[in-house]
Amino acid sequence: DVKVTQSSRYLVKRTGEKVFLECVQDMDHENMFWYRQDPGLGLRLIYFSYDVKMKEKGDIPEGYSVSREKKERFSLILESASTNQTSMYLCATLWPLGRGATNEKLFFGSGTQLSVL
Amino acid sequence: AQTVTQSQPEMSVQEAETVTLSCTYDTSESNYYLFWYKQPPSRQMILVIRQEAYKQQNATENRFSVNFQKAAKSFSLKISDSQLGDTAMYFCAFDSNRDDKIIFGKGTRLHILP
């Protein structure tokens, strides 16, 4: 079974702190994603990555950056946390890739509930 | 830019009834994938069903089936013989075959009542 591990289930940080959310997958998948989930807004894509050192902005990248130094790890960084970044953060990988794959699906981590005070 | 719209924020049905969740999307692409994901109270996202846009036949998975209308850009989920365990948030998602950017709708909270 594919495993996508997010380092913390709950996290409490202070305004202005630099925050790292870690995501590790064990299946050598190329595509990885970071979403935030808020009530009434669904899942919104922050950043995604095709491969090591590759990154693409999603729909709401402001206030966030990402790092992908190794294939299995995709980190989301809040450079200076703000209260409006209090949210549930979900990491996911995609496998197998499209363009003919018949069983492509996202594999999700269990989420990190981040509170910024 | 692609968008996904789920127009029903919340629904409730009695156990054993059939329920249909709506999803519409907007894209200029002709080849893509569509998904329905379920998120129970445990928060773990679970794939319910997927559909390739090039396939005319509607996907089915046991009690779950879709009504895929490509021209209308509609992708509804039908749950037959609903069970208490179907209580969850349901998200519709669009996967661009061009860049594998996957976007989600706002979700529908489904309550199955005993």
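Report on the accompanying structure. (Residues numbered from 1 in each chain as written. Chains lettered and ligands numbered in written order. Predicted model: local features only at pLDDT ≥ 70, side-chain atom pairs only at ≥ 80, totals over all residues. Heavy atoms only, no water.)

1. Here we look at the overall build of chain B
Part 1: Check the secondary structure of chain B and you find zero helices and twelve strands.
Part 2: Against the 2.2 N^0.38 benchmark of 13 Å for 114 residues, chain B shows a C-alpha radius of gyration of 14 Å, consistent with a compact globule.
Part 3: By its C-alpha atoms, chain B is 45 × 25 × 20 Å across when sized along the principal axes.
Part 4: Burial statistics for chain B: of 114 residues in total, 54% are counted as buried.
Part 5: Excluding contacts between residues fewer than 6 apart, the proportion of contacts in chain B whose partners are at least 24 apart in sequence is 55%.
Part 6: Element-wise, carbon and sulfur atoms account for 47% of the exposed surface of chain B, whose accessible area totals about 5,300 Å².
Part 7: Taking the average location of the 12 positive side-chain charges in chain B and that of its 12 negative ones, the two points are 4 Å from each other. (Helix = DSSP H or I, 4+ residues; strand = E, 2+ residues; numbered from the N terminus. Rg over C-alpha atoms; globule rule 2.2 N^0.38 Å. Buried < 20%, exposed > 50% of the residue type's maximum accessible area, 1.4 Å probe, protein only. Contact = heavy atoms within 4.5 Å. Areas by Shrake-Rupley, 256 points an atom, 1.4 Å probe, with all protein chains shown as cover. Lys, Arg positive; Asp, Glu negative; His and termini not counted. Charge placed at Lys NZ, Arg CZ, Asp CG, Glu CD.)

2. A word on the interface of chain A and chain B
Part 1: Contacts between the two partners involve 32 residues from chain A and, on the opposite side, 23 residues from chain B.
Part 2: Of the roughly 2,200 Å² buried between chain A and chain B, counting both surfaces, carbon and sulfur atoms make up 46%.
Part 3: One can count one salt bridge joining chain A with chain B.
Part 4: Close ionic contact of B:K101 with A:D59 constitutes a salt bridge, the shortest N to O distance being 3.0 Å. (Buried area = accessible area lost by both parts, 1.4 Å probe. Salt bridge = Lys/Arg side-chain N within 4 Å of Asp/Glu carboxyl O.)

3. Let's talk about the nonpolar core
Part 1: One finds B:L21, B:Y25, B:W36, B:F75, B:L77, B:Y90 and B:L110 to be the most contacted residues of the largest nonpolar core, which totals 27 residues.
Part 2: Of all elements in the fold, only strand 2 (10-14), strand 3 (19-21), strand 5 (32-39), strand 6 (46-52), strand 8 (64-69), strand 9 (74-79), strand 10 (88-96) and strand 12 (108-113) of chain B reach the threshold of two or more residues within this core. (Core = buried A, V, L, I, M, F, W, Y, C linked by side-chain atoms within 4.5 Å.)

4. Description of the packing of aromatic side chains
Part 1: Counted by the stated rule, this structure contains 16 aromatic pairs over all chains.
Part 2: Taken together, A:F33, A:Y35, A:F48, A:Y50, A:F108, B:F35, B:Y37, B:F91 and B:F104 form an aromatic cluster joined through their ring pairs.
Part 3: Between B:R43 and the ring centre of A:Y10, over which it is positioned, the NZ or CZ distance is 5.4 Å. (Phe/Tyr/Trp six-rings, centres within 6.5 Å; stacked < 30°, edge-to-face > 60°. Lys NZ or Arg CZ within 6 Å of the ring centre and 35° of its normal.)

5. Focus on the pattern of salt bridges
Residues and elements named next belong to chain B.
Part 1: Applying the stated criterion across every chain, the model contains eleven salt bridges over all chains.
Part 2: R50 is the partner of E52 in a salt bridge, and the nearest nitrogen-oxygen pair spans 2.5 Å.
Part 3: Note on E52: relative accessible area 5%, which makes it buried.
Part 4: Residue R50 is classed as buried on the basis of its relative accessible area, which comes to 12%.

6. Brief notes about the pairing of strand 5 of chain B
Residue and element names in this part refer to chain B.
Part 1: By the criterion of burial, strand 5 is predominantly enclosed, with eight of the eight residues buried.
Part 2: Residues Y32, L34, W36 and K38 point to one face of strand 5 and Y33, F35, Y37 and Q39 to the other, with burial holding for every one of them.
Part 3: Pairing of strand 5 with strand 6, which is carried by six bridges, proceeds in the antiparallel orientation. Bridging from a neighbouring strand, W36 pairs with I49 of strand 6.
Part 4: Linking two consecutive strands that pair antiparallel, namely strand 5 and strand 6, is a turn of six residues; a positive phi of about 80 degrees is found at R43 within it. (Pairing = 2+ DSSP bridges.)

7. Some points on the state of the cysteines
All names here are of chain A.
Part 1: What the rule picks out here adds up to two disulfides over all chains.
Part 2: Here C23 connects covalently by a disulfide to C91, the sulfurs 1.9 Å from one another. Its torsion about the S-S bond being -75 degrees, the disulfide of C23 and C91 is classed as left-handed. Residue C23 is found in strand 4 (residues 23-25), and its partner C91 is found in strand 10 (residues 87-95); the two are separated by 68 residues along the sequence. There is no split in this pair, since C23 and C91 are both buried. (Disulfide = S-S within 2.5 Å.)

8. Examining the side chain of A:S49
Residues and elements named next belong to chain A.
Part 1: Along the chain, S49 turns up in strand 6 (residues 42-49).
Part 2: A distance of 3.0 Å separates a polar atom in the side chain of S49 from the backbone oxygen of D51.
Part 3: The residues contacting S49, other than those within four sequence positions of it, are E30, N31, M32, M54, K55, R68 and F74. (Polar contact = N/O pair within 3.5 Å; in protein donor to acceptor, adjacent residues only side chain to side chain.)

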